[in-house]
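Commentary on secondary and tertiary structure
Take a look at the letters that make up each chain.
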Amino acid sequence: MADKKWAMVYDANKCIACQACSVACRVENNVPENLYRLQVQMEGPNGVYPKLGMNFHRQSCVMCNNPPCVPVCPTGASHINNEGVTLVDNNKCIGCKYCIVACPYKARFVNSVTSAADKCTFCWGTRVSKGQKPACVEQCITGALLFGDLNDPNSEVNVYLRNHHHILSKEHLNTKPKLYIIPSQRGGVKA
Amino acid sequence: MDITWGSQLQYHAVYWPWPIAIYLFLAGLSAGSLMVAVLLKWLDKNNLPPWDGLIRAGAAIAPITIILGLVLLIVDLGKPLTFWYLMLYFKPSSVMSIGVWLLAVYTPFCLLFTMAIFKDHFFSGTLAGYIRFLQPVVTFYENNSVKIEVFLLTIASGVAIYTGFLLSAAIGLPLLNQPILPLLFLASGFSAGIAANIIIGLTVFKAVVEPKNLKYLLMLDLRVIPFELGMLFLMFAGMHFLGGAHALVGIQALTEGFWAGVFWFGVVGIGLVMPLIVAVTALHGHSYKKTTVLFNSVILLLGVLLLRFYILYAGQIYTG
């Protein structure tokens, strides 16, 4: 059987920017104060008054299949595992910050407790490897986040992506993200 | 914090701050000083002791600056005490890993050159007892000096060039993501080497500086500076025509805020145009003042330092 290849769907139409995912992430992963693996940022308002609307953006690791942060690591601490998840081995990380500089998504930061580079892990170590979904997906109250195996044609993400137009962040960089974004249909010309 | 979704600090932080800028400067300077010293040594009548003051200057500067630079690199690590992990791995995909191994070869060879040039100081002074075992290595170098010096030139340019690739690997930062950066850093490192060798040569080793060697270095510099100006022009013109984030960042980096000022007044004004004016107006012909030469070299060196600060900071701050 082929390895799993984990992917996430973020549907900006269903998201209400309640930050429940962000809080769940902080609790699950003990993210130090004022640092974030995940935020839902609001963009806008777009449109012309009084027809205004907001757009939402999930700011996190996009789990590239071709991650720029991995080849630059001088020790191999930053690596992609056999299930397509990019992780940092805290014991091998020396804190050179090359991966943080190389990431075009600003997904990484220095963990103030471990002094190692830190990022979203899809909750691989604590949840996904044990058959659970990532904490953010579990907590999402509107169903804006879906999680599943790209190698399984019947997984929730594959079924959803078959029926929804989706985009990839900074696709031109050929990083091949596995965070699939369903862009907002609300429209509204950007201010 | 007035934003619902939390602090934005981590998205705007400069992750490679001033110690890295100074390291980039020192690495280029060390490589430049060594290259200039070797080139001088190859000139007519310079290949035997007593060594010219400008060669001695290079032999003194190159190891000191690279070791200082390495200390800065280690101090800037999140976990400085784990720096030796770098020596456990070789990852050819990582410019940093390539750089570590270049430096691991470069630094001892640099010291070998220094020991050969200052042989009398090393092997007859108080140190002599501790380093006598190195005498055969220095003798081997003296017997094969040209071959080893070709290698020295190669690995020194490797060090200067890798500092450019180190930054250009950042695909999300348009000002760093430049194919011309390695060449620009090589040229400006070489220029810094000329300036530093002149400064130390004319102050510390002034009794043994041959005017013809000084003239040779001033002549070399007058060729490197226009080349650097040309490369900076190419870089920004290239960014403009690339479009997208590159074009946007190119404009920001030339027009916005503190770092645009550093570029125009520091990098271009003090570091390149002023030395060019001084060279053309005051340093031509056969007689020139020592103070003018020193002043010219100091501003040149300052310009090279500012170029590293500018590229590193503007590169991380202006992201389009």
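As shown above, the structure is provided for reference.
Residues numbered from 1 in each chain as written. Chains lettered and ligands numbered in written order. Predicted model: local features only at pLDDT ≥ 70, side-chain atom pairs only at ≥ 80, totals over all residues. Heavy atoms only, no water.

**Digging into the overall build of chain A**
- Assigned secondary structure in chain A consists of four helices and nine strands.
- Order of helices (α) and strands (β) in chain A, N terminus to C terminus: β-α-β-β-β-β-α-β-β-α-β-α-β.
- Scaling as 2.2 N^0.38, a compact globule of 191 residues should have a C-alpha radius of gyration of about 16 Å, and chain A matches this with 17 Å.
- Its C-alpha atoms give chain A principal-axis dimensions of about 55 × 40 × 35 Å.
- Within chain A, the fraction of its 191 residues that count as buried is 54%.
- A total accessible area of about 8,700 Å² is found for chain A, and carbon and sulfur atoms account for 53% of it.
- A distance of 5 Å separates the average location of the 21 positive side-chain charges in chain A from that of its 13 negative side-chain charges. (Helix = DSSP H or I, 4+ residues; strand = E, 2+ residues; numbered from the N terminus. Rg over C-alpha atoms; globule rule 2.2 N^0.38 Å. Buried < 20%, exposed > 50% of the residue type's maximum accessible area, 1.4 Å probe, protein only. Areas by Shrake-Rupley, 256 points an atom, 1.4 Å probe, with all protein chains shown as cover. Lys, Arg positive; Asp, Glu negative; His and termini not counted. Charge placed at Lys NZ, Arg CZ, Asp CG, Glu CD.)

**Describing empty space enclosed by the protein**
Residues and elements named next belong to chain A.
- Per the counting criterion, the structure on display carries four cavities of 30 Å³ or more.
- For the largest cavity, the lining is made up of 14 residues, of which Cys15, Ile16, Cys18, Cys21 and Cys140 are closest to its centre.
- The residue makeup of the lining of the largest cavity, split by class, is twelve nonpolar, two polar and no charged. (1 Å grid on protein atoms, 1.4 Å probe; cavity = no way out; pocket = protein on both sides within 12 Å on 5 of 7 lines; lining within 4 Å. Points joined across faces, edges and corners; volume = space filled by probe spheres on them. Nonpolar A, V, L, I, M, F, W, Y, C, P; charged D, E, K, R; others polar.)

**Section: the nonpolar core**
- The biggest cluster of nonpolar side chains holds 161 residues, and the ones touching the most others in it are Tyr106(B), Phe113(B) and Tyr310(B).
- The leading source of residues in this core is helix α2 (residues 18–41) of chain B, at 15 residues.
- Apart from the residues within four sequence positions on either side, Tyr106(B) is in contact with Ser30(B), Ala31(B), Leu34(B), Ala62(B), Ile66(B), Ile155(B), Ala156(B) and Val159(B).
- With nine residues, the next largest nonpolar core counts Val9(A), Val157(A), Tyr160(A) and Leu161(A) among its residues. (Core = buried A, V, L, I, M, F, W, Y, C linked by side-chain atoms within 4.5 Å. Contact = heavy atoms within 4.5 Å.)

**Points about the packing of α2(B) against helix α8 (residues 145–168) of chain B**
Residue and element names in this part refer to chain B.
- Axis separation between α2 and α8 bottoms out at 9 Å; the angle between their running directions is 155 degrees. As the angle between them shows, α2 and α8 are arranged roughly antiparallel. Here α2 runs over α8; the crossing is left-handed. For the pair α2 and α8, contact is made by Tyr23, Leu24, Ala27, Ala31, Leu34, Met35, Val38, Leu39 and Lys41 and by Ser145, Glu149, Leu152, Leu153, Ala156, Ser157, Val159, Ala160, Tyr162, Thr163, Leu166 and Leu167, respectively.
- Here the contact of α2 with α8 is built from residues that sort into 16 nonpolar, three polar and two charged. (Axes fitted to C-alpha atoms, helices over the stretch in contact; angles between N-to-C directions. Parallel < 35°, antiparallel > 145°, perpendicular 65-115°, else oblique. Left-handed = near helix turned anticlockwise from the far one by under 90°.)

**Structural notes on the interface of chain A and chain B**
- With 39 residues of chain A in contact, the opposing surface of chain B contributes 34 residues.
- Put simply, Asp76(B) and Lys97(A) hold a salt bridge, and the shortest N to O gap is 3.6 Å.
- In this structure, the connection of chain A to chain B is made through 19 residue pairs in polar contact (both at pLDDT 80 or more).
- Of all elements in the fold, only β2 (39–48), α2 (98–102) and β6 (109–110) of chain A reach the threshold of two or more residues within the side of chain A that touches chain B.
- Split into classes, the residues belonging to the side of chain A that touches chain B amount to 22 nonpolar, 13 polar and four charged. (Salt bridge = Lys/Arg side-chain N within 4 Å of Asp/Glu carboxyl O. Polar contact = N/O pair within 3.5 Å; in protein donor to acceptor, adjacent residues only side chain to side chain.)

**Description of helix α1 (residues 20–29) of chain A**
All names here are of chain A.
- Listed as buried for α1 are Cys21, Ser22, Ala24, Cys25 and Asn29. Buried residues of α1 fall within an arc of 160 degrees about the axis and therefore sit on the same side.
- For α1, the elements touching its buried residues are β2, α3 (135–139) and β8 (145–149).
- Downstream of α1 by one or two residues, asparagine 30 has phi in the positive range, about 50 degrees. (Arc of directions from axis to C-beta.)

**Some remarks on a nonpolar patch on the surface**
Residue and element names in this part refer to chain B.
- A cluster of nonpolar side chains, namely Ile67, Val71, Val75 and Leu111, defines an oily patch on the protein surface of about 330 Å² accessible area.
- With three residues, helix α3 (residues 53–76) is the single largest residue contributor to the nonpolar patch.
- Looking at the secondary structure, you find isoleucine 67 in helix α3. (Patch = residues over 30% accessible without salt bridge, like charges linked within 9 Å, V, L, I, M, F, W, Y side chains within 5 Å.)

**Here's the deal with the sheet that holds strand β1 (residues 6–11) of chain A**
Residues and elements named next belong to chain A.
- What the three strands build is an open sheet, ordered β8-β1-β9; its pairing is mixed. Only two strands of the sheet have a single partner each, and these edge strands are β8 and β9 (179–182). Neighbour-to-neighbour, the strand axes of this sheet turn through a mean angle of 20 degrees, independent of strand direction.
- Pairing geometry for β1 and β8, over five bridges, is antiparallel. (Pairing = 2+ DSSP bridges.)

**So, the environment of Met219(B)**
- Here Met219(B) shows up in helix α10 (residues 211–242).
- Sequence separation between Met219(B) and Ala279(B) is 60 residues; the distance between their C-alpha atoms is 9.1 Å.

**Observations regarding the pattern of salt bridges**
- Across all of its chains, the model carries seven salt bridges over all chains by this definition.
- Notably, a salt bridge pairs Glu142(B) with Lys119(B), separated by 3.0 Å at the nearest N-O pair. Of this pair, Glu142(B) sits in helix α7 (residues 135–143) while Lys119(B) is found in helix α5 (residues 119–124), placing the two residues 23 residues apart along the sequence.
- Three or more residues are tied together by salt bridges with common partners; here these are Glu28(A), Arg127(A) and Glu138(A).

**Some remarks on the pairing of β1(A)**
Residues and elements named next belong to chain A.
- Counting buried positions along β1 yields six of six residues, so the element is predominantly enclosed.
- Residues Trp6, Met8 and Tyr10 point to one face of β1 and Ala7, Val9 and Asp11 to the other, with burial holding for every one of them.
- Taken together, the four bridges between β1 and β9 define a ladder with parallel strand orientation. Directly across from tyrosine 10, in β9, lies its bridge partner isoleucine 181.

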